[in-house]
Each structure stands twice: as C-alpha cells, then as structure tokens.
Amino acid sequence: MSNRLEALRVFCAAADAANFRDAAARLSVSPQVVTRAVRELEEELGEPLFHRSTRGVQLTDFGLQLAERARVAVVGVDDLFHRTDRRALSQHAGTVRVTAPGIFGRRFIPQALAPMLAAHPGLTLDLRVAEEHTDVVGQQIDIGVRVGPLRDSRFVARPVGKMALHVVGAPELIARTGVPKNLDALAAMPLTSLINRKSRRPWPWVFSKSRQVQVPSPAFVTDDYDAECAAVLSGLGFGQLIAPLVEPWLPSGALVPVLEADAPEPWPIYVYRAQRAPVPARVRLVYDELVRVLG
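Residues numbered from 1 in each chain as written. Predicted model: local features only at pLDDT ≥ 70, side-chain atom pairs only at ≥ 80, totals over all residues. Heavy atoms only, no water.

## Brief notes about helix α1 (residues 4-16)
The condition that has to hold: The numbering of helices and of strands both runs from the N terminus, where a helix is a DSSP run of H or I of at least 4 residues and a strand a run of E of at least 2. By definition here, a helix of n residues has an expected span of 1.5 Å times n minus one. Each residue is placed in one exposure class: buried if its accessible area under a 1.4 Å probe, protein chains only, is under 20% of its type's maximum, exposed if it is over 50%, and partly exposed if it falls in between.
With 13 residues, α1 should cover 18 Å at 1.5 Å per step; its first-to-last C-alpha distance of 18 Å lies within 8% of that length. Within the sequence span of α1, burial applies to Ala7, Arg9, Val10, Phe11, Cys12, Ala13, Ala14 and Ala15.

## Section: the sheet that holds strand β8 (residues 192-196)
Operational definition: Only when DSSP finds a minimum of two bridges between them are two strands counted as paired. Pairs of residues are marked as contacts when any of their non-hydrogen atoms sit within 4.5 Å. Under this scheme, a helix contributes an axis fitted over its contacting stretch, all axes are lines through C-alpha atoms, and angles between N-to-C directions fall in the 0 to 180 degree range.
Spatially, β9-β8-β12 is the arrangement adopted by the 3 strands of the open sheet, whose pairing is mixed. Each edge of the open sheet carries a strand with a single partner, namely β9 (201-202) and β12 (220-222). The pairing of β8 with β9 spans 2 bridges and is antiparallel. Looking across to β9, one finds that Asn196 is bridged to Arg201. Contacting β8 and β12, helix α9 (residues 225-233) runs over the sheet at an angle of about 175° to β8.

## Remarks on the side chain of Asp262
With respect to the helices and strands, Asp262 occurs in the loop between β14 (256-258) and β15 (267-274). Owing to a relative accessible area of 17%, Asp262 belongs among the buried residues under this scheme. The residues touching Asp262, leaving out its near neighbours within four places in the chain, are Leu183, Phe207, Ser208 and Arg211.

## Here we look at the nonpolar core
For clarity, the cut-off: As used in this record, nonpolar core signifies buried Ala, Val, Leu, Ile, Met, Phe, Trp, Tyr and Cys residues forming a set joined through side-chain atoms within 4.5 Å.
The biggest cluster of nonpolar side chains holds 34 residues, and the ones touching the most others in it are Phe104, Ile143, Val145, Val271, Val286, Leu290 and Leu294. With 7 residues, the top contributor of residues to this core is helix α11 (residues 281-294). The contacts of Val145, once residues within four sequence positions are left out, are Thr99, Ala100, Pro101, Phe104, Ile109, Ile269, Tyr270, Val271, Tyr272, Leu290 and Leu294.

## Notes on unusual backbone geometry
Located in the positive-phi region is Arg200, a residue other than glycine, with phi close to 65°. Considering the arrangement of structural elements, one finds Arg200 in the loop between β8 and β9. On the basis of relative accessible area, Arg200 is assigned to the exposed category, the value being 72%. Phi at Leu259 takes a positive value of approximately 55°, unusual for a residue other than glycine. Considering the arrangement of structural elements, one finds Leu259 in the loop between β14 and β15.

## A look at the pattern of salt bridges
The condition that has to hold: For this document, the term salt bridge refers to a Lys or Arg side-chain nitrogen within 4 Å of an Asp or Glu carboxyl oxygen.
Here the structure, examined in full by the defined rule, presents 13 salt bridges. Here Arg97 ties to Asp126 by a salt bridge, and the two come within 3.7 Å at their closest N and O atoms. Taken together, the residues span a long stretch of sequence, with Arg97 in strand β3 (residues 94-100) and Asp126 in strand β4 (residues 123-129) at a distance of 29 residues. Accessibility assignment for this pair places Arg97 and Asp126 in one class, buried. Here the salt bridges do not stand alone but share partners, grouping Arg106, Arg197, Asp223, Asp224 and Asp226 into one network.

Here's what the structure looks like:
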C-alpha cells in the first residue's frame, strides 16, 4: 500500500478495533488489506505497532503514540479536502459492544440511546443481553451495565443508581392465604423461585441484616424473571422481584408489597468499561450517555 495516508487510515481503524478482522469489516476491505498495511508501516517505521498472540492483537507503546498522532493527521487532511462523507468524518464511527441485563437491555437501552445513535451516522450499537456476569475481555465487550457489587480493579465504573427488591403477591392470593407476618411465615406460603442460569440453582431470597431464605418447595419455578412476575400476577405465589418489574403494578393494586420492613438494602447499578488505553471516542460517547440516561 503505497499511499501513506490510506495506510495511516487503516492503521487508525485497526487501533480502534478489537482485531484486524473487525477493522476490515468497518473499512469494507479484506483482513489481508489491514494486515498488509500494518506490516508495511512497521517496516517503514522500523518499530512493531502491535503485539500479536493467539488471543488477538494489542498496541505496543510505540503503536499507542503513533495512533494518537495518526488520528490528528488523518482528520486534518480530511478537513483540508472538505470530505462530505459524514460516516468517514465522524470520529465516533464504528461499533460499540455493550452488555446489560434484560431489564435494561430488552427495551430501555435501545430506546434511550436511539437519539444519540441517530445523531452519529456510522456509530453502531452491538447490545448483548445477559443476566450472568459477562467475560468482558474474552467477548470483546466495550461497556457493561451491572446490578450488584462491582469490585474488579480492571474496570472504570460509575454508580448510576440503585435497584430495590420487593416481596409481593396478588390480591387473590392474599385473600386465600393471608399476609406473611415475618420471614418464618414464608415457609407455609406458596412461593415462586428464580433459577440462576449459571449455577442452575435457585436464587435465595435476601433480606435486611444479611438474612437469606431458601425456597424449599416452590409453587412455581422459572429461569426468567418476566415469567416469574407473570406467575406472581396470576396469584400462583408470593415472589421477590426487582423494583422495575413490581413498580408498574403497585398503583393499581395488582401487586401488593409485604414484609417491607425486612427489605434488603437496594442493589447498586453500575456502568463500567475495561481500563484500556486509548479509549476510542465512540466508546467514551456511549459510556457517558449510558451514565446520563441511567443516572
């Protein structure tokens, strides 16, 4: 590749991507074109730009410095010739991979980020919905949303809110069984149980003062929290559900909270990203917007 500007443009795409194949897809070229451009730059500059391994590629220190300077050079030349292709111009063009639990991922995040995505042509959101903790590095995830403690020093994390848990029942169930007065009374009540998909075991119910209650003989079992909520609404049993599922049904009385005095501390909600450098502008843009809309 004799054109140095195009070689730098390819190198910048490779520096911002998870691997050469990803960079090639963004540029609509073959991976061999990316590999050849990087190799020719390395030969001309006399320095390796990437560490290569079976797990992928990572910028060297020299590559990091060159990437910063190359971005400025490429954008400067583009501005000089007044490029009109908004996708090529945008520093935010590319794919940002986000993982989030279903309560946020199925509806809220696509709707909340739609205006930002529409305002940045070329920016693509790759959203992976997962209840389990995702292998951010292995799956090349840029940003995650997590409910619960986050103490991993590999991440840059921002707390954006809290999520409460409620024990609730339908009015027809309460008419049949009455209201449980304390935690011990739960054993005699019909209860629902949510399965942890990773361990394949039921999640315990949690309460204040670090107390936990196992559900030994549930009236309804599922591995999907929407299905559990539907079962509770149908009067099959009392359930401990997260606030976003419960709160729409409280004003009408379709669900009635019980044992509120024993409720646990709400779980923290975090938006996090891996401590990679440099942070692509598109990743920083989506990260900041997620912090805003979830905060």
